[in-house]
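One letter stands for each residue in the lines below.
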Amino acid sequence: MATKSNQKVSIIGSGLIGRSWAMLFATAGYNVVMYDVDKNQLSGAMEIIKSELENLASLELLKGTLSKEEIYNNIKTCEDFEQCVTGAFFVQECVPEQLELKTKIFKDLDKYADDSVILSSSASCIPASKFTENLQHRSQMIVSHPTNPPFYCPLTELIPAPWTHPDIITGTKAIMEEIGQVPVVCHKEVPGFVLNRIQYAILNEAWRLVQDGVMSAEDVDKVMSEGMGPRYAFMGPLETAFLNAEGWYSYSERYAEGIETVSKSFGPTPNYRPGPALTHIHEDLCSRIPLDKIKERRAWRDKRLAALAKLKKNLNAQEK
């Protein structure tokens, strides 16, 4: 019988997303092999992974039961694409969000794939139908879009192409649950999938409010971090509304007219390209988080996300 330690997972790309997937699979006990066309980035990725594991261990925030050394030893690197993917039961592609590049990678994966491997993409907006249509193993291909940073935010969107076999969907979902992720399944492809559609809706209105002089960028961020955010850390917008009344019929009776009136006042999609609004918002953020301090701020964020994940896990365990 195959065990996790001799089941191979291939990671294509060693950037932030690739490193995070490698850590997640290694934490669950899988034999992880990570490939990157840039050899220097590949060696640097292992150094970053080691540092991140040491930091998580010092904070007692490692997932699972393995030690930092055991997790690290479960990850190997490979400079040969064919060698990396051959024999893997699951491949996670993590290259930049460029259609031409993903098309090339999946064409290469198709060449070396057997009839059982799951071929998964980390695409955040590009649907699998755009880069898998003409491939022999297209029924084995699916998008598994993680939340950034994946090691701390467990949600993963699963977006099958129209031709993805149902067994690939259920198999990918089971694997994601096994490694500690929380998978959700899109029943059809839509631009941006679901996470980004909701994220962009929030970002668009936040941008408009600052651009129109309604509120400062700092205070708009506080509306989320100190208001909506704490609720959304434990439940989604539909359940939040459900609990804010006596169910959705009650909520509709109380608030439907107001929601419709306010929604009609939303402006057009903002222009995120260089201009007065972008300059204003960028400078506002830089006044609080200088660009040379972004790395420190990310570490601050990740520490809190890991602690929140631990809190939620403990609370859920207490309720069982």
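Look above for the structure.
Residues numbered from 1 in each chain as written. Predicted model: local features only at pLDDT ≥ 70, side-chain atom pairs only at ≥ 80, totals over all residues. Heavy atoms only, no water.

K.L.:
Go over the pattern of salt bridges with me, naming the residues and quoting the values.
P.N.:
With the rule as written, the count across this model stands at 10 salt bridges. Across the salt bridge formed by Lys-104 and Asp-108, the nearest N and O atoms sit 3.1 Å from each other. Of the two residues, Lys-104 and Asp-108 are both situated in helix α5 (residues 99-112); the distance of four residues between them amounts to about one turn of the helix. Given a relative accessible area of 16%, Asp-108 falls into the buried group. Between Arg-301 and Asp-302 there is a salt bridge, with the nearest N and O atoms lying 2.9 Å from each other. Via salt bridges that share partners, Glu-93, Glu-97 and Lys-102 belong to a single interconnected network. (Salt bridge = Lys/Arg side-chain N within 4 Å of Asp/Glu carboxyl O. Helix = DSSP H or I, 4+ residues; strand = E, 2+ residues; numbered from the N terminus. Buried < 20%, exposed > 50% of the residue type's maximum accessible area, 1.4 Å probe, protein only.)

K.L.:
Outline the environment of Glu-157, listing residues and values.
P.N.:
Along the chain, the position of Glu-157 falls in strand β7 (residues 155-160). What makes Glu-157 buried here is its relative accessible area of 2%. Taking the C-alpha atoms as reference points, Glu-157 and Ala-307, separated by 150 residues in sequence, lie 23 Å from one another. In contact with Glu-157, not counting residues within four places along its chain, are Val-143, Ser-144, His-145, Val-184, Cys-186, Phe-193, Val-194 and Leu-195. A distance of 2.6 Å separates a polar atom in the side chain of Glu-157 from a polar atom in the side chain of His-145. A polar atom in the side chain of Glu-157 sits 2.7 Å from the backbone nitrogen of Val-194. (Contact = heavy atoms within 4.5 Å. Polar contact = N/O pair within 3.5 Å; in protein donor to acceptor, adjacent residues only side chain to side chain.)

K.L.:
A description of the side chain of Asn-74 should follow, citing residues and the corresponding values.
P.N.:
Among the secondary structure elements, Asn-74 is positioned in the loop between α3 (68-73) and β3 (75-78). Not counting the four nearest positions on each side in its chain, Asn-74 is found in contact with Ala-26, Gly-29, Tyr-30, Asn-31, Val-32 and Leu-66.

K.L.:
Explain the side chain of Ser-122 to me, and be specific about the residues and the numbers.
P.N.:
On the secondary structure map, Ser-122 appears in the loop between β5 (118-121) and α6 (129-132). A polar side-chain atom of Ser-122 sits 2.9 Å from the main-chain carbonyl oxygen of Glu-93.

K.L.:
Describe the sheet that holds strand β6 (residues 141-146), naming the residues involved and giving the relevant values.
P.N.:
The mixed open sheet is built from eight strands, whose spatial order is β3-β2-β1-β4-β5-β6-β7-β8. Strands with a single pairing partner mark the edges of an open sheet, and in this sheet they are β3 and β8 (182-185). Looking at each pair of strands side by side, their axes are set apart by 25 degrees on average, direction ignored. Strands in contact with helix α7 (residues 166-178) are β4 (90-93), β5, β6, β7 and β8; relative to β7, the strand with the most contacts, it is inclined by about 170 degrees. (Pairing = 2+ DSSP bridges. Axes fitted to C-alpha atoms, helices over the stretch in contact; angles between N-to-C directions.)

K.L.:
Lay out the packing of helix α1 (residues 16-27) against helix α2 (residues 39-58) with the relevant residues and their values.
P.N.:
Between α1 and α2, the shortest axis-to-axis distance is 10 Å and the interhelical angle comes to 55 degrees. Accordingly, the angle class assigned to the pair α1 and α2 is oblique. Along this stretch, α1 crosses α2, giving a crossing that reads as right-handed. When α1 is examined against α2, the residues Arg-19, Ala-22 and Met-23 are found in contact with a partner set consisting of Ala-45, Ile-48, Ile-49, Glu-52, Leu-53 and Leu-56. In terms of residue class, the contact of α1 with α2 is built from seven nonpolar, no polar and two charged. (Parallel < 35°, antiparallel > 145°, perpendicular 65-115°, else oblique. Left-handed = near helix turned anticlockwise from the far one by under 90°. Nonpolar A, V, L, I, M, F, W, Y, C, P; charged D, E, K, R; others polar.)

K.L.:
Explain the packing of helix α8 (residues 195-211) against helix α12 (residues 276-288) to me, using residue names and the numbers behind them.
P.N.:
Between α8 and α12, the least distance of the axes is 10 Å, while the angle of their chain directions is 95 degrees. In this view, α8 runs roughly perpendicular relative to α12, as classed from their interaxial angle. Touching Trp-207, Val-210 and Gln-211 of α8 are Ala-277, Leu-278, His-280 and Ile-281, all from α12. Split into classes, the residues belonging to the contact of α8 with α12 amount to five nonpolar, two polar and no charged.

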